[in-house]
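Close look at the chain arrangement
What follows is the residue order along each chain.
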Amino acid sequence: MKRLFTVSALILALTLSMLSPALATEDRFDRAAPSGIAAVGDDSYLLTDVFNKVVWKISADGTHTLAVGQINVSDVSGEPVGAIADGTLLTALFENPWAIAPFLDGFLISEPDANVIRYIDSRSVQTAAGSGKEGSKDGNGIAATFSFPTGLAAGGNGEVYIADTGNGSIRCLSTNGTVTTIFTGLSDPTGICWYNGALYVAETGAHCISKIENGARTVVVGASGEDGYTDGYVKAARLRDPQGVAVGSDG
């Protein structure tokens, strides 16, 4: 499967415009490739960086600090080499930190290339789900398997939904650590969000936005399997390779 990138140009422009001298010691933030963002609660944000393979914190005053992970040795192209290593916040290693979503007392981070979901809290980084082997097995924690998991969305009862892109499925990680498959048969689901009891899914391979509710899929924007670039009423509009989706407070 080709590697998908969900870097938001808006987020990238925002973060680069607020570049802090404090990060000059790393000499890396100017090459950041933001992929996921989550509010922390103190008016700051955590930002996953798929190039440097770390998580940055953007504080309310605009300063930036390395929050989780370490920037590993670089390859010949200058990109830090990724790895999966649990540990403390600043000793753990990531391979390709993609999406981030709140979970329990911390956050989950998807790792597409490693086929795992990581968990960070105030002290450490752990592998929360996925054995690292590619597959589609449900189970508890690291007994489960994924295939290129990307998007994450926090549900209404503490659970987190996972876009299992390679399997064309939506998986659910419960608060007790159990992974279950709730829907399958999608075409490269990537970005997802939860709103008012339903999941909205950016189906990259089908060029549409779908809604998953009560075990059924409904296309809400675009036409499944038809790509294009046409504005208009939601069903008449056409998309090409959508990778993210969000629902505003007004629905």
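For the structure, see preceding data.
In this report, we go over the structure that sits alongside the text. (Residues numbered from 1 in each chain as written. Predicted model: local features only at pLDDT ≥ 70, side-chain atom pairs only at ≥ 80, totals over all residues. Heavy atoms only, no water.)

So, on to unusual backbone geometry. If a residue is not glycine, its phi is most likely negative; likewise, a peptide bond is most likely trans. A positive phi angle, close to 65°, is found at Lys53, a residue other than glycine. Note on placement: Lys53 falls in the loop between strand 2 (45-49) and strand 3 (54-58). Of the residues examined, Lys53 reaches a relative accessible area of 7% and is grouped as buried. At Asn214, a residue that is not glycine, the phi angle is positive and equals roughly 55°. By secondary structure assignment, the location of Asn214 is in the loop between strand 17 (208-213) and strand 18 (216-221). (Helix = DSSP H or I, 4+ residues; strand = E, 2+ residues; numbered from the N terminus. Buried < 20%, exposed > 50% of the residue type's maximum accessible area, 1.4 Å probe, protein only.)

Strands in a sheet are paired, the pairing made by backbone hydrogen bonds, and the direction either parallel or antiparallel. If you walk across this open sheet you meet the four strands as 15-16-17-18, and the pairing is antiparallel. For this open sheet the edge positions go to strand 15 (189-195) and strand 18, each flanked by a neighbour on one side alone. Averaged over all neighbouring strand pairs, the angle between strand axes comes to 30°, with direction disregarded. Bridge count between strand 15 and strand 16 (residues 198-203): five bridges; the pairing is antiparallel. Residue pairing across strands places Cys193 opposite Tyr200, the latter belonging to strand 16. (Pairing = 2+ DSSP bridges. Axes fitted to C-alpha atoms, helices over the stretch in contact; angles between N-to-C directions.)

Turning our eyes to something else, we now look at the side chain of Lys53. Among the polar contacts listed, one links the side chain of Lys53 to the side chain of Glu79, at a separation of 2.6 Å. If we ignore the near neighbours within four places in the chain, the residues touching Lys53 are Gln70, Glu79, Pro80, Val81, Gly82, Phe94, Glu95 and Pro97. (Polar contact = N/O pair within 3.5 Å; in protein donor to acceptor, adjacent residues only side chain to side chain. Contact = heavy atoms within 4.5 Å.)

Let us look at the nonpolar core. Among the nonpolar cores identified, the biggest contains 16 residues, and Leu108, Ile117, Leu152 and Leu173 are the most heavily contacted of them. In contact with Leu173, other than residues within four places in its own chain, are Phe103, Leu108, Ala129, Glu159, Val160, Ile162, Thr178 and Val179. Counting residues in each nonpolar core, the second largest holds 13 residues, with Ala67, Leu89, Phe94 and Phe107 among its members. (Core = buried A, V, L, I, M, F, W, Y, C linked by side-chain atoms within 4.5 Å.)

On to the environment of Glu203. Mapped onto the elements of the fold, Glu203 is located in strand 16. A C-alpha to C-alpha distance of 9.8 Å links Glu203 and Arg240, two positions 37 residues apart in sequence. When residues no more than four places from it in sequence are discounted, the contact partners of Glu203 are Leu186, Ser187, Asp188, Pro189, Cys208, Ser210, Arg217 and Pro242.

Tallying each qualifying case throughout the model produces four aromatic pairs. For the pair Phe29 and Trp56, a centre-to-centre distance of 5.0 Å together with 85° between the ring planes defines the contact as edge-to-face. Taken together, the residues Phe29 in the loop between helix 1 (9-17) and strand 1 (34-39) and Trp56 in strand 3 connect sequence positions 27 residues apart. Of the two residues, Phe29 and Trp56, both sit in the buried class. (Phe/Tyr/Trp six-rings, centres within 6.5 Å; stacked < 30°, edge-to-face > 60°.)

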